[in-house]
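# Overview (structure and organization)
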Amino acid sequence: MVRGATTPDSFKAALYLASATTGAANTVYTATGEVSGAGYTAGGVDLTGAPDWIAPTSTGTTAFSTPTASIVYTTVTLATAFDAVMIYNSTQGNKAVSVHTFGSQTVTAGTFTLTMPTNDATTGLIRIA
């Protein structure tokens, strides 16, 4: 398939409850198991940066790509434990790009930030070898 658009796609990041079953079976964004709370909008936040993602590149036999900037949820209260984020392409029918887990968290009237790793073959967020 040849892509006709020349503008970068837009990506979003949604948070999921620790009790949710989110993973490879989810091929598109789903609200099932997504967190809710003050200051959080269903569907999550837009990835920021220009563009949202660093263009895929490779070193040796490993291809890699990482979002351009950290993912930030500002002034949220998420009282029920959450431990996963789904990054999805909101331009291409909300297709899931990846799901990442982390230690269980709650937030009370604060900012939750997912800091992106260095974009390289060893630590890039998405790596294919």
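Quick note: structure is the one above.
Described below are features of the structure shown in this document. Because the structure is a prediction, the values reported are computed rather than measured.

Let's shift gears to the nonpolar core. Of all hydrophobic cores here, the largest spans 26 residues; its most connected members are L15, Y40, I71 and Y73. Elements with a minimum of two residues in this core: β1 (11-17), β5 (71-89) and β6 (95-114). With ten residues, the single largest contributor to this core is β5. In this view, I71 contacts A13, V45, L47, I87, F112, T113, L114 and M116; residues no more than four positions away in its chain are not counted.

With that out of the way, let us pick up the layout of surface pockets. In this model, the largest pocket occupies a volume close to 180 Å³. Along the walls of the largest pocket sit W53, I54, A55, P56, A63, F64, S65, V97, I126 and I128, which together make up its complete lining. Contributing elements (two or more residues each) for the lining of the largest pocket: β4 (62-65) and β7 (126-128). When residues in the lining of the largest pocket are grouped by element, the largest group, three residues, is from β4. Residues of the lining of the largest pocket, tallied by class, amount to nine nonpolar, one polar and no charged.

The rules behind each value
Residues numbered from 1 in each chain as written. Predicted model: local features only at pLDDT ≥ 70, side-chain atom pairs only at ≥ 80, totals over all residues. Heavy atoms only, no water. Core = buried A, V, L, I, M, F, W, Y, C linked by side-chain atoms within 4.5 Å. Buried < 20%, exposed > 50% of the residue type's maximum accessible area, 1.4 Å probe, protein only. Helix = DSSP H or I, 4+ residues; strand = E, 2+ residues; numbered from the N terminus. Contact = heavy atoms within 4.5 Å. 1 Å grid on protein atoms, 1.4 Å probe; cavity = no way out; pocket = protein on both sides within 12 Å on 5 of 7 lines; lining within 4 Å. Points joined across faces, edges and corners; volume = space filled by probe spheres on them. Nonpolar A, V, L, I, M, F, W, Y, C, P; charged D, E, K, R; others polar.

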